[in-house]
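# Survey of secondary and tertiary structure
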Amino acid sequence: MGITDILVTGEPIIYAAMVSIALVSIAIPVLLTYFKKWGWLWREWLTTVDHKKIGVMYILSALLMLFRGGMDALMMRVQLAFPDLGFLDSQHYNEIFTTHGTVMIIFMAMPFLIGLMNIIVPLQIGARDFAFPWLNAMSFWSFFIGAMLFNISFVIGGSPDAGWTSYTPLSGAALSPGPGQNFYLMGLQLSGIGTLATGINLMVTILKMRAPGMKLFHMPIFTWSTLVTCFIIVFAFPILTVALALLTIDRIFGAHFFTLTAEGLPMMWANLFWMWGHPEVYIVILPAFGIFSEIIATFAKKRLFGYHAMVWSMIIIALLSFLVWVHHFFTMGAGAFVNSVFSISTMLIAVPTGVKIFNWLATLYKSKIEFTVPMLWSLAFIPSFILGGVTGVMLGMAAADYQFHNSYFLVAHFHYVLIAGTVFACFAGLVFWYPKMFGHKMNERLGKWAFWIFFFGFHVCFFPQYFLGLDGMPRRLFITNVVEWLPLNVISTVGAFGMGLGFIVFVYNVYYSFRHAEREKTGDSWNGNGRTLEWATTTPVPFYNFATVPYVDEIDPYVRMKEEGKTTYDESQLKPIHMPSYKATPIIMMAFLGLASFGLVFEWMPVAIFGLIGGVAVMILRSFDYDDGYYVSVEEIKRIERKARGL
Amino acid sequence: MAAEELKTGPLEYRTQEGRMTILGFWIFLAAEVVLFATLFATYAVLYGRTADAPTPMELFEPGIVLVMTFLLLTSSFTCGLAIHQMRRGNVKGLMTWMIVTLALGFGFLGFEIYEFVHYVHEGASLTSSAYWSGFFVLAGTHGLHVTLGTGWAILLLIQIARRGLTNVTSRKFFIISLYWHFLDVIWIFIFTCVYLIGMVI
């Protein structure tokens, strides 16, 4: 296979992408060498096992992926608003909607939320790191390398083009030959390992490392949402692992799970995919609910209304999420009885979700609301998400779904829940906890601009799509020069560019705040309104998080701590703190496994085997590594805390 | 990361790290249950879809599968004995019974490979039909787990020979014993749902 067979050729957009990728890949090493930052990068970031740094890397990667997925979206919108322009051809359009969906769900939404969990959950429960810091680093690198593997398909080998759901038989070897679908399979498989490991890791962290006295029903609501999400991850991700593996075995080794020949069952893929895929939707929405709950309680300056009801509704949502997968393919012909059962279970989910909505409203009721940027995102979420939820119930009615299925009505629905839910929460959570991560807040004025532009852009973009769907416009359609659809499509595209502009303002705000924002002096950054333990730490958070872990026996412990003048630094209680050492093995191991996956994508077995052997060798090295970490001495803790607290 | 160490109880449970690692492994096993459940479901859905390949009734024979079952179940028992010796503080007993476990595991793998080769010769391979794809991937995933388990046990034997019984080494052996018993449970389901049912219908 020559180099010209591997590189994608013949498209100006792809040539532009190649040039920019080449420039960036040259620029990064040159800059690192020029500023002599290689050692710093390796020692401080690439080998880190600190949950806060790993969280920052997750969020930065997720923002990068949001940019990539957003570019895909804008290209699609240009094509749909100006169908006669010939901007994209059909093949390219198929590739772009495929990568848009996959990147946004797997490589943007989940890593963003996992990044926030990484940073905040240990701080909220009074822990000094994850239960398994090494495993946490491995998870990050498996996600990152999986994401990179998926993204290089754009210029090497060709992108997958069978939709983010990758339905068989279309995605099988017979109808999608070549490496494109393999990139999808291996990229997701690799990052899926990391997600599963993170699920286990966070679950053990939350169950075993809480501050003394903190019972499960004393935990902050974001930690609760993380715990419930981890249960979904542990029980849903193995299904994806198997589904991806079976399709890989079909494509590369000639098995017949999903083929049309030898009595394979293509419809089994849809079942397996959505048995993971529907719980996956709740993996990205439950943490969002947790973030909004924290923010609403903080800026309404009240204890969250109905804390127990909030927790139980999350648990019920998690259980129901495993019982609704068939609603993604009511039209496949499972029969009236099966469809009715799944229709009812789908609509049942609206009940606990409604409970949550009313609890947020009740928290806001008669409170003195402070309209900060995170609060604006949270307040915008409630009505926007309801629009998405109500149309979800409409889609859940099996008989009516025959009309809505595969139309823009569906596209509008899931963007309303995923953007108004997950993306708003990511922005809100990032702004809210930004001072804990970087030691300064984001500029409020720019933040409000970003919010309003993105918010209006979002509604202008997706609200018309409900009507496009009702007018019969199918999703994943490349030619749309039907006169009746055109005006709404143009409006939608304008909205999409609005969202793009909002994102640019948001990113500019990161830079602006880095340069100009006032540095935080106290840990309790939001005018002293913090309610949970993460605000009790100093800013920036010391690498061991808590010098002394407070005793907690209530919800919102920091409120009382402030009244009683307690802190997380009690000099009489200081003991040496045990911390894990930084390790290079996670990144090296995942690099080898990434190489193995790359080999499998092109079905170059020697490369795959070499990578696999390398990965296993690093695992063996790890097994023989008995390094138990090190202790931070009491003197050093005193020095750090006195400096941070100005004592 | 608490460093306090209990003075009583099994070695592997004395440190916070040990307790957390064992809980984490139990959760991992829960994920493994889902993984195998999905494979069993796939197998069940594809049952009977043999296309032009031979049917399982024509190929499955009780003899060799019974021997494999006997080997693996016995290995689970000897693995339990190894942990019993570990709890008594007997490193030599632990190593002896673990080596017996390994030998039984290799025996199982040998018969499984022989069995697979035999089926392929009879015209039933991964690529011959949907049913056989399901069979080979389900049984093969179990076999792959056993293979990984044997490699892992060898690594742990080297470590215990070097370091003796500590909180860490006993934790590692306790966890591999959980893994090994888990594979035994999966095999009982494969034996019943795949081989026994396959022989009669």
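Definitions and cut-offs
Residues numbered from 1 in each chain as written. Chains lettered and ligands numbered in written order. Predicted model: local features only at pLDDT ≥ 70, side-chain atom pairs only at ≥ 80, totals over all residues. Heavy atoms only, no water. UniProt positions renumbered as here; feature names shortened; annotations may be inferred. Helix = DSSP H or I, 4+ residues; strand = E, 2+ residues; numbered from the N terminus. Rg over C-alpha atoms; globule rule 2.2 N^0.38 Å. Buried < 20%, exposed > 50% of the residue type's maximum accessible area, 1.4 Å probe, protein only. pLDDT = per-residue confidence, 0-100. Axes fitted to C-alpha atoms, helices over the stretch in contact; angles between N-to-C directions. Parallel < 35°, antiparallel > 145°, perpendicular 65-115°, else oblique. Left-handed = near helix turned anticlockwise from the far one by under 90°. Nonpolar A, V, L, I, M, F, W, Y, C, P; charged D, E, K, R; others polar. Phe/Tyr/Trp six-rings, centres within 6.5 Å; stacked < 30°, edge-to-face > 60°. Contact = heavy atoms within 4.5 Å. Buried area = accessible area lost by both parts, 1.4 Å probe. Salt bridge = Lys/Arg side-chain N within 4 Å of Asp/Glu carboxyl O. Polar contact = N/O pair within 3.5 Å; in protein donor to acceptor, adjacent residues only side chain to side chain. Lys, Arg positive; Asp, Glu negative; His and termini not counted. Core = buried A, V, L, I, M, F, W, Y, C linked by side-chain atoms within 4.5 Å.

In the annotation of an unreviewed UniProt entry, the entry for chain B reads Quinol oxidase subunit 3, and the organism field reads Halobacillus kuroshimensis. Recorded in UniProt under Sequence similarities (unreviewed entry), the annotation for chain B is "Belongs to the cytochrome c oxidase subunit 3 family." Among the UniProt annotations of chain B, the heading Subcellular location (unreviewed entry) holds the following wording: "Cell membrane".

If you look chain A up in an unreviewed UniProt entry, it shows as Quinol oxidase subunit 1 from Halobacillus kuroshimensis. Chain A has a UniProt comment under Function (unreviewed entry) that states "Catalyzes quinol oxidation with the concomitant reduction of oxygen to water." Listed under Sequence similarities (unreviewed entry) in UniProt, the entry text for chain A is "Belongs to the heme-copper respiratory oxidase family."

## Focus on the overall build of chain A
Secondary structure summary: chain A contains 21 helices and two strands in total. For 647 residues, the compact-globule estimate of 2.2 N^0.38 gives 26 Å, and chain A sits close to it at 25 Å. Taken over the C-alpha atoms alone, chain A extends approximately 75 × 60 × 45 Å along its principal axes. Evaluated residue by residue, chain A yields a buried proportion of 61% over its 647 residues.

## Details of the UniProt feature "domain: Cytochrome oxidase subunit I profile" (unreviewed entry) in chain A
Look at the UniProt record and you will see "domain: Cytochrome oxidase subunit I profile" (unreviewed entry) annotated at residues 34-553 of chain A. Helix makes up 68% of residues 34-553 of chain A and strand 0%, and the two end C-alpha atoms of the span are 52 Å apart.

## Let's talk about the confidence of the model for chain B
Summing up the model confidence of chain B, the mean pLDDT is 94 and the portion of residues at 70 or higher is 99%. Both scores are given for the predicted complex: the pTM is 0.96, the ipTM 0.96.

## Some thoughts on the UniProt feature "transmembrane region" (unreviewed entry) in chain B
All names here are of chain B. Under the local residue numbering, the UniProt record ascribes the feature "transmembrane region" (unreviewed entry) to residues 21-44, 64-83, 95-114, 134-158 and 178-198. Helix makes up 100% of residues 21-44 and strand 0%, with an end-to-end C-alpha separation of 34 Å. Secondary structure over residues 134-158 splits into 100% helix and 0% strand, and the C-alpha atoms at its two ends are 37 Å apart.

## Focus: the packing of helix 4 (residues 51-81) of chain A against helix 5 (residues 90-125) of chain A
Residue and element names in this part refer to chain A. Where helix 4 contacts helix 5, the axes come no closer than 7 Å and their chain directions differ by 155°. Regarding the angle of helix 4 to helix 5, the classification is roughly antiparallel. Considering how the two elements wind past one another, helix 4 and helix 5 form a crossing that is left-handed. Partitioned by chemical class, the residues of the contact of helix 4 with helix 5 number 26 nonpolar, nine polar and three charged.

## With respect to the packing of aromatic side chains
Residue and element names in this part refer to chain A. Scanning all chains against the criterion turns up 91 aromatic pairs over all chains. Plain terms: the ring middles of F602 and W604 are 4.9 Å apart, the flat faces sit at 20° to each other, and that makes the pair stacked. The partly exposed category is assigned to W604, whose relative accessible area is 27%.

## A short note on the interface of chain A and chain B
Taken together, the contact pairs 37 residues of chain A with 40 residues of chain B. The junction of chain A with chain B conceals about 3300 Å² of combined surface from both sides, 74% of it contributed by carbon and sulfur atoms. Of all residues in chain A, the largest losses of buried area upon contact with chain B belong to E263(A), F624(A) and Y626(A), amounting jointly to 20% of the total for that side. On inspection of chain A and its partner chain B, the count reaches zero salt bridges. Across the chain A-chain B interface, the total number found is nine residue pairs in polar contact (both at pLDDT 80 or more).

## Points about the pattern of salt bridges
Oppositely charged side chains can form a pair if their charged atoms are brought close together. All names here are of chain A. Here the structure, examined in full by the defined rule, presents 16 salt bridges over all chains. Notably, a salt bridge pairs D72 with R68, separated by 3.4 Å at the nearest N-O pair. Here R68 and D72 lie together in helix 4, a separation of four residues that amounts to about one turn. Neither D72 nor R68 differs from the other in exposure class; each is buried. One salt bridge in this structure joins R645 and E641, with 2.8 Å as the shortest N-O distance.

## Considerations on the side chain of D184(B)
Residues and elements named next belong to chain B. Position of D184 relative to the elements: it lies in helix 6 (residues 167-200). Despite its burial, D184 remains without a salt bridge, the nearest opposite charge being carried by R87 at 18 Å. There is a polar contact of 3.3 Å between the side chain of D184 and the side chain of S76.

## Examining the nonpolar core
Membership of the largest hydrophobic core comes to 244 residues, with the highest contact counts inside it found for F424(A), W132(B), F135(B), F173(B) and Y195(B). With 21 residues, helix 9 (residues 266-300) of chain A is the largest single contributor of residues to this core. Counting twelve residues, the second largest nonpolar core, distinct from the first, contains M75(A), L88(A), F97(A) and V411(A).

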